[in-house]
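# Structure at a glance
Spelled out from the first residue to the last, the chains are:
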Amino acid sequence: EADIYQTPRYLVIGTGKKITLECSQTMGHDKMYWYQQDPGMELHLIHYSYGVNSTEKGDLSSESTVSRIRTEHFPLTLESARPSHTSQYLCASSDWQYGYTFGSGTRLTVV
Amino acid sequence: GESVGLHLPTLSVQEGDNSIINCAYSNSASDYFIWYKQESGKGPQFIIDIRSNMDKRQGQRVTVLLNKTVKHLSLQIAATQPGDSAVYFCAEPMGGKLIFGQGTELSVKP
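Fair warning: this is a prediction, and the values are worked out from it, not measured in the lab.

Let us look at the confidence of the model for chain A. Across chain A, the average pLDDT comes to 92, with 95% of residues at 70 or higher. When the elements of chain A are averaged for pLDDT, strand 10 (residues 100-102) of chain A gives the smallest value, 92, and strand 3 (residues 19-25) of chain A the largest, 98.

Here it is in structure tokens:
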């Protein structure tokens, strides 16, 4: 049973639109992460948070932004979607440094 | 820079055979590794981990071997089943974050 939820699962949207990908966890984890993954490829960390009001950029540069106003919620926003943003976005949380629990992901297609 | 990577992008095995998925790492100071399984349409799931003070760790039908001399680890799956079909990643903590290598897609032939 998944304790970390991502919505929507699939999203097709036009260029220039603003989108927010939702991620929520019910485990009370302080640490949350966003990864970007192309099909069959490795995961690239784009954002992470170690607690409320704490956000950092990951190793892969991304035009997206994140916020962490509540422990359980870590949304990712793209102000103006472009075809280059087409990818799968995975959210994860952990209660110790490397015990990650992943959501099922949002597959984003920008047309 | 430091990296974690896999040798082969795809692996096809017969049902019932053993599978071996390999991973090389470059940071000789690495002391912890994790294997994840990612099924189609899902996020990665933890399979097994190993610390550098161990050479081998066994789970249910899975074994991870660590060779620090050549900076190589492998995931062995015994009696591979169709449900084992997935992409497998090795991952390593770096700078407080988990870094994933390129996945190996395991296909199980009936």
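Attention now goes to the environment of Gln36(A). In this fold, Gln36(A) is placed in strand 4 (residues 31-37). Sequence spacing of Gln36(A) and Thr106(A) is 70 residues, and the spatial spacing of their C-alpha atoms is 9.7 Å.

Residue and element names in this part refer to chain A. Spatially, 1-3-8-7 is the arrangement adopted by the four strands of the open sheet, whose pairing is antiparallel. Strands with a single pairing partner mark the edges of an open sheet, and in this sheet they are strand 1 (4-7) and strand 7 (65-66). Two elements, strand 3 and strand 8 (residues 76-78), share three bridges in a ladder whose sense is antiparallel. Directly across from Leu21, in strand 8, lies its bridge partner Leu76.

So, how was this worked out
- Residues numbered from 1 in each chain as written.
- Chains lettered and ligands numbered in written order.
- Predicted model: local features only at pLDDT ≥ 70, side-chain atom pairs only at ≥ 80, totals over all residues.
- Heavy atoms only, no water.
- pLDDT = per-residue confidence, 0-100.
- Helix = DSSP H or I, 4+ residues; strand = E, 2+ residues; numbered from the N terminus.
- Pairing = 2+ DSSP bridges.

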